[in-house]
Amino acid sequence: ERDYETNLSKIRSFLAQPSYSNAQGNAANISQCEKALRDAKNCVHAMQGMAEIEGDPFKLEDAKRKLEREVGPLEEEIRGRKGHHIARGGASGVSAG
């Protein structure tokens, strides 16, 4: 749970920054933010697994709620920032692999 909160804090910190900063720095921030998002999702899935093993429906529901009400909206916001960044010419459209 602590790792989950740490990752959410990183994401929220990124989203609090103005989106008009330089393109190269913004691309790096988006990449770090996406990694934190993946890590946060992994933490929630681990919490769900532990709740299922423990047979604790309250913890299981709490983990589902985290995905729906916390991670989901942040994921949409990151997607929007990424789309805005690409639309402004911040990415070449070529994948680095």
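Residues numbered from 1 in each chain as written. Predicted model: local features only at pLDDT ≥ 70, side-chain atom pairs only at ≥ 80, totals over all residues. Heavy atoms only, no water.

Focus on the overall build of the protein
Stage number 1. Looking only at helices and strands, the protein has three helices and zero strands in total.
Stage number 2. The N-to-C order of helical and strand elements in the protein reads α-α-α.
Stage number 3. Per-residue burial over the protein gives 27% buried out of 97 residues.
Stage number 4. The contacts in the protein between residues at least 6 apart in sequence include a share of 71% that link residues at least 24 apart. (Helix = DSSP H or I, 4+ residues; strand = E, 2+ residues; numbered from the N terminus. Buried < 20%, exposed > 50% of the residue type's maximum accessible area, 1.4 Å probe, protein only. Contact = heavy atoms within 4.5 Å.)

Some details on the side chain of Asn7
Stage number 1. Assignment of secondary structure puts Asn7 in helix H1 (residues 2-16).
Stage number 2. Beyond its immediate sequence surroundings of up to four residues, Asn7 is in contact with Ala36, Asp39, Ala40 and Cys43.

What about the nonpolar core?
Stage number 1. With 17 residues, the main nonpolar core has Tyr4, Leu8, Ile11, Leu15, Val44, Met47 and Ile78 as its most contacted residues.
Stage number 2. Elements with a minimum of two residues in this core: H1, helix H2 (23-54) and helix H3 (57-87).
Stage number 3. Of the residues forming this core, the biggest block, eight residues, is contributed by H2.
Stage number 4. Apart from residues lying up to four places away in sequence, Ile11 is in contact with Cys33, Ala36, Leu37, Leu74 and Ile78. (Core = buried A, V, L, I, M, F, W, Y, C linked by side-chain atoms within 4.5 Å.)

Section: the pattern of salt bridges
Stage number 1. Summed over the entire model, instances satisfying the criterion amount to 11 salt bridges.
Stage number 2. The salt bridge partner of Lys35 is Asp39, with a shortest N-O separation of 2.8 Å. With a gap of four residues between them, Lys35 and Asp39 both fall in helix H2, about one helical turn apart.
Stage number 3. A relative accessible area of 25% places Asp39 in the partly exposed class.
Stage number 4. Glu76 is the partner of Arg79 in a salt bridge, and the nearest nitrogen-oxygen pair spans 2.7 Å. With Arg79 and Glu76 both in helix H3 and three residues apart, this pair spans about one turn of that helix.
Stage number 5. Assessed through its relative accessible area of 47%, Arg79 is described here as partly exposed. (Salt bridge = Lys/Arg side-chain N within 4 Å of Asp/Glu carboxyl O.)

A few points about the layout of surface pockets
Stage number 1. Put simply, the largest pocket is a space of about 160 Å³.
Stage number 2. Surrounding the largest pocket, Asn7, Lys10, Ile11, Phe14, Gln17, Asn29, Gln32, Cys33, Lys35, Ala36 and Asp39 form its lining.
Stage number 3. Those elements that place two or more of their residues in the lining of the largest pocket are H1 and H2.
Stage number 4. Per-element tally for the lining of the largest pocket: the top contributor is H2, with six residues.
Stage number 5. Across the lining of the largest pocket, the residue classes tally to four nonpolar, four polar and three charged. (1 Å grid on protein atoms, 1.4 Å probe; cavity = no way out; pocket = protein on both sides within 12 Å on 5 of 7 lines; lining within 4 Å. Points joined across faces, edges and corners; volume = space filled by probe spheres on them. Nonpolar A, V, L, I, M, F, W, Y, C, P; charged D, E, K, R; others polar.)

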